[in-house]
Amino acid sequence: MRQILFVLKEMKRLKFTRLDADLRHIIVTKEDELKVIDHYSSFTRIRNKPELIFKGLKKLGLLPMFLEELKEMDPESYIEWKNL
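Under an unreviewed UniProt entry, the name given to the chain is Serine/threonine-protein kinase, and the organism recorded is Peribacillus simplex.

Below you can see the structure in the form of structure tokens.
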């Protein structure tokens, strides 16, 4: 959860125009770190909310838990993203 939020904030800090990634492009390493691959459209497409991540989490049944944690960790992002 913290790492996903960190990745999204880093994408914003690095001025990616697509602040999103499909879950299949997020890899967990042996050290339990997240790596995002395939940034092909990160500067050509515009998406300022993590719609694909949320879609993947919903498919896995993890979105409600993610949103509850987000509400505690980062209320500002929760308010912005809760209705995706």
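Past the structure itself, the notes keep going.
So, about the pattern of salt bridges. Overall, the coordinates contain four salt bridges when judged by the stated rule. In this structure, Glu10 engages Arg13 in a salt bridge whose closest nitrogen and oxygen atoms are separated by 2.8 Å. Note that Glu10 and Arg13 are positioned in helix α1 (residues 2–13) at a spacing of three residues, about one turn of the helix. Take Glu10: its relative accessible area is 21%, and that puts it in the partly exposed class. The partner of Asp22 in a salt bridge is Arg24, with the nearest N and O atoms 3.2 Å apart. On the basis of relative accessibility, which here comes to 24%, the residue Asp22 falls in the partly exposed class.

What counts, and at which threshold
- Residues numbered from 1 in each chain as written.
- Predicted model: local features only at pLDDT ≥ 70, side-chain atom pairs only at ≥ 80, totals over all residues.
- Heavy atoms only, no water.
- Salt bridge = Lys/Arg side-chain N within 4 Å of Asp/Glu carboxyl O.
- Helix = DSSP H or I, 4+ residues; strand = E, 2+ residues; numbered from the N terminus.
- Buried < 20%, exposed > 50% of the residue type's maximum accessible area, 1.4 Å probe, protein only.

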